[in-house]
Amino acid sequence: MPAEKFDVCVIGSGAAGGALAGELTRRGARVALIEAGKYRDPSKLRTHGWPYDQTQPVAVPDVTADPKREPVTYEGDAISVSRGRVIGGRTTHWNAVALRFSEDDFREWSVNGVEEDWPISYDEIAPYYDKAEELMVVCGTRENLKVLPDGRFIKPLSLRCSESILARASKKIGMRVIPVRKALATEAGHGRAPCHYCGHCMQGCGVSAIFNTAEHVIPRARRTGRLTLRSGWMVRELRTGDEARVQSALIFERDSRREEEIHADVFAVCGGNIESARLLLNSRSARFPNGLANNNDIVGRYLHGHITGEVQGYLKDLVGTKPGNQDGALDHAYIPRTETAKGADYAGGFGIQLNVRGYMRPHHARFVPGFGRDFKRRVRDLQPAHTSALAFGKVVAHAENRVTLHPTLVDDYGLPLPRVTFHWQPNDIAMYKAMLDGCHKLYDAASVAFRAQLKGPGGFASHEVGCVRMGRDPKTSILNEFNQTREIKNLFVVDGSSFTTFPEKNPTLTIVALAIRAAENIMRMKDRGDL
Amino acid sequence: MPDQTTRRQALVQITAGAAASAALASLSPAALAQATYQPRALTREQFKILRVLVDMIIPATETPGATALGVDRMIDKTLTGQDDPPEAFLDELNNLVASGFADIEESDRVKLLEEYSQAAGEKGDFFQILKDLTVDHYYSTEVGLIDELGYEGNTALNEFPGCTHEEHR
């Protein structure tokens with residue numbers, strides 16, 4: 001019996017792969033979806049556990065690569081990358097911030113003279129942002145800001161006291177606090193349970209009020225009868241033989257190490273930035289000695305992500321008040337980037353997420369000086385006044401920052417370890433200073449006392465992108481404007497690794513929009529016989 | 001579960017050791033576990049110093065202090081679970097053992113701990129590790145989180161009203 005041949009083999013089931021598989025099956029394609037991890041039932045997450053009876057779940061559920069069995073090696077500055085191993089990928093435990101990139105965000109070279117312009121414009125992606133928001137269900141308010149385009153929003157989250165105070169203060173310094181935009185059902189009637197405001201968003205939402213491809217996309221795709229989901233299987237390499245065409249994916253079952261080949265007309269890599277690059281680099285042939293579609297040696301380069309800086313503090317107006325229940329949906333407010341001053345020593349901007357830390361522990365207790373009765377009293381008085389400002393800044397992509405295959409070390413599955421090399425550049429350091437200055441300016445305006453600045457800068461807040469970038473210039477990019485590799489027509493890379501550049505905004509909405517757009521283009525090309 | 005095991009062990013010891021039984025039987029379960037706890041990561045001398053220290057960091061006020069909630073034992077267990085307990089911490093505990101810290105006047109103890117809290121280097125590191133361990137465990141207890149801090153969350157709400165105070169807008 002000849003092996004089944006699929007229309008498309010999608011590798012990875014997170015924001016990109018999940019959305020892509022969903023859209024492809026909806027449009028009639030037969031899809032094999034390969035996911036290294038397995039299903040994790042959100043109702044078993046125990047998100048309402050307590051630290052004192054050992055029922056509290058760990059901060060991040062066990063859905064990422066085990067660092068002992070599948071390590072990453074790092075060289076350079078302290079940053080970290082994340083790799084999901086679960087159906088739904090990182091959408092199973094995310095804070096759901098869903099922001100559109102602006103018109104200028106696609107034109108860094110034209111507007112700011114750094115990096116490159118994307119091969120697509122805001123106008124081209126806007127209809128897919130609409131579709132992504134419809135799929136993901138995004139709460140928020142229309143604000144008519146050039147730097148942060150409006151979308152299709154449902155009922156926004158309401159601001160807490162601390163956020164109201166910061167909102168009032170922010171106006172004095174030209175900042176603007178707006179309700180956060182999240183892929184979160186804030187009300188019933190959107191085909192999923194609404195948020196119940198327990199504050200455990202990052203640990204995985206127990207009722208899936210937050211968008212999650214495992215719960216909101218893949219079941220629907222399976223109901224079409226056109227999805228074959230291979231969970232617990234991982235792709236070892238993509239095979240091209242002597243041709244410039246992927247013929248099969250060599251997959252292995254992680255538990256048994258059994259191998260199989262998946263045949264398809266089209267292969268779409270959605271493994272997340274690091275894994276997508278690793279797969280291409282680890283798939284070689286005489287024609288592609290540097291890895292697939294990599295004859296220009298760009299795969300793995302331009303690794304970047306967000307630079308983060310955080311200041312926590314205490315609003316004087318709220319010190320000593322009654323704490324109440326402030327959990328909510330973690331952060332409720334966002335400060336969009338302000339115009340970068342003329343003559344600033346950095347390109348790009350930063351946005352600030354307010355109150356991402358949650359209220360189930362006194363974050364300040366370690367920092368309040370002293371000890372004894374006064375200390376204990378002070379910790380209590382400060383608790384209702386806690387606020388945090390976590391700034392996300394743009395990082396300028398550099399070719400030297402990259403992921404390569406480790407020359408000698410392999411993981412438990414025999415795959416070469418990803419070797420991450422990253423150094424902050426002068427623009428990043430200047431950005432980091434500006435971010436912290438911005439947080440302190442906000443706190444000055446709002447009378448925030450007793451500040452604790454977390455050691456930084458941090459990178460990348462699980463927002464790593466850029467390693468298989470799309471672009472206009474074939475010398476500095478791998479993908480064309482359809483997320484298609486230039487050298488291999490039936491190979492697409494659709495996740496965050498495809499970003500040409502990356503503004504300060506969280507990546508997921510753009511990843512989903514690109515995936516929906518790629519699905520449409522793959523089907524169109526297939527119908528025309530171009531693939 | 002570890003607490004229950006300890007308590008069970010304690011009860012075994014009571015039946016075995018007749019001499020101590022009368023005194024111990026009159027203690028509350030928490031006090032009992034505390035009085036008979038066998039430190040594992042720390043020596044008995046180090047543990048004695050630790051108990052004094054954690055109650056100096058978080059003393060009893062309207063709510064119980066650190067040792068009454070078992071923070072001393074939790075720290076010992078945390079250190080037991082660590083592959084590599086912080087050496088600076090253990091060294092400094094030994095220094096305090098050697099200097100008879102537990103037996104000096106309370107005012108002298110406070111003065112000494114204040115010095116630690118303001119010191120740089122090893123002494124400062126010691127104080128910060130001690131404080132981190134103490135507060136992390138204390139405010140993770142039911143009494144610490146709910147009675148002392150007034151936390152009311154971790155529950156399901158139909159609506160999240162947000163700020164209702166005119167003066168904050």
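Our structure is the block above this text.
Procedures and definitions
Residues numbered from 1 in each chain as written. Chains lettered and ligands numbered in written order. Predicted model: local features only at pLDDT ≥ 70, side-chain atom pairs only at ≥ 80, totals over all residues. Heavy atoms only, no water. Pairing = 2+ DSSP bridges. Helix = DSSP H or I, 4+ residues; strand = E, 2+ residues; numbered from the N terminus. Axes fitted to C-alpha atoms, helices over the stretch in contact; angles between N-to-C directions. Contact = heavy atoms within 4.5 Å. Phe/Tyr/Trp six-rings, centres within 6.5 Å; stacked < 30°, edge-to-face > 60°. Buried < 20%, exposed > 50% of the residue type's maximum accessible area, 1.4 Å probe, protein only. Lys NZ or Arg CZ within 6 Å of the ring centre and 35° of its normal. Parallel < 35°, antiparallel > 145°, perpendicular 65-115°, else oblique. Left-handed = near helix turned anticlockwise from the far one by under 90°. Buried area = accessible area lost by both parts, 1.4 Å probe. Salt bridge = Lys/Arg side-chain N within 4 Å of Asp/Glu carboxyl O. Polar contact = N/O pair within 3.5 Å; in protein donor to acceptor, adjacent residues only side chain to side chain.

Visitor: Requested: an account of the sheet that holds strand β3 (residues 73-76) of chain A, with residues and values cited.
Guide: Residues and elements named next belong to chain A. With mixed pairing, the 3 strands of this open sheet are ordered in space as β3-β16-β15. Of all strands in the sheet, those with a lone pairing partner are β3 and β15 (402-410), marking the two edges. Taking the axes of each pair of neighbouring strands and ignoring which way they run, one obtains an average angle of 30 degrees across the sheet. Alignment of β3 against strand β16 (residues 416-422), held across 4 bridges, turns out to be parallel. Residue pairing across strands places E75 opposite T421, the latter belonging to β16. Running at roughly 60 degrees to β15, helix α7 (residues 273-281) makes contact with β15 and β16 of the sheet.

Visitor: Tell me what's going on with the packing of aromatic side chains, and back it up with residues and numbers.
Guide: Residue and element names in this part refer to chain A. Inspection of every chain in the model, using the stated rule, returns 21 aromatic pairs over all chains. Between the aromatic rings of F106 and W118, the centroid separation amounts to 5.0 Å while the plane-to-plane angle is 75 degrees, which identifies the pairing as edge-to-face. Here F106 is found in the loop between β3 and α2 (108-112), whereas its partner W118 is found in the loop between α2 and α3 (122-136), with 12 residues between them in sequence. Residue classification places F106 among the buried residues on the basis of a relative accessible area of 1%. Cluster of aromatic residues (ring-pair linked, three or more members): F101, F106, W118, F499 and F502. One cation-aromatic arrangement involves R236 over F252; the distance from NZ or CZ to the ring centre is 4.4 Å.

Visitor: Which residues make up the packing of helix α5 (residues 71-81) of chain B against helix α8 (residues 121-138) of chain B, and what values go with them?
Guide: All names here are of chain B. One can describe the packing of α5 onto α8 by two numbers: an axis separation of 9 Å at closest approach and a directional angle of 115 degrees. Between α5 and α8, the crossing angle belongs to the class labelled roughly perpendicular. Here α5 runs over α8; the crossing is right-handed. Facing V71, M74, I75, T78 and L79 of α5, the residues of α8 in contact are L133, T134, H137 and Y138.

Visitor: Before we move on, could you go through the interface of chain B and chain A and cite the residues and values that matter?
Guide: Contact with chain B, which involves 47 residues of that partner, is made by 47 residues of chain A. Each partner contributes to the roughly 3800 Å² buried at the junction of chain B and chain A, and carbon and sulfur atoms together form 55% of this total. Considering only the side of chain B, the residues that lose the most area to chain A are N154(B), F160(B) and H168(B), jointly responsible for 21% of the buried surface there. For the pair chain B and chain A, the number of links is 7 salt bridges. The partner of D136(B) in a salt bridge is R366(A), and the shortest N-O contact between them spans 2.5 Å.

Visitor: How would you explain the side chain of S248(A) if you had to name every residue and give the values?
Guide: Residues and elements named next belong to chain A. Relative to the assigned elements, S248 resides in strand β9 (residues 248-253). Given the relative accessible area of 1%, S248 is considered buried. Within polar-contact distance, the side chain of S248 engages the side chain of E261 at 2.5 Å.

Such coordinate-based values are descriptive only and should not be taken to indicate function.
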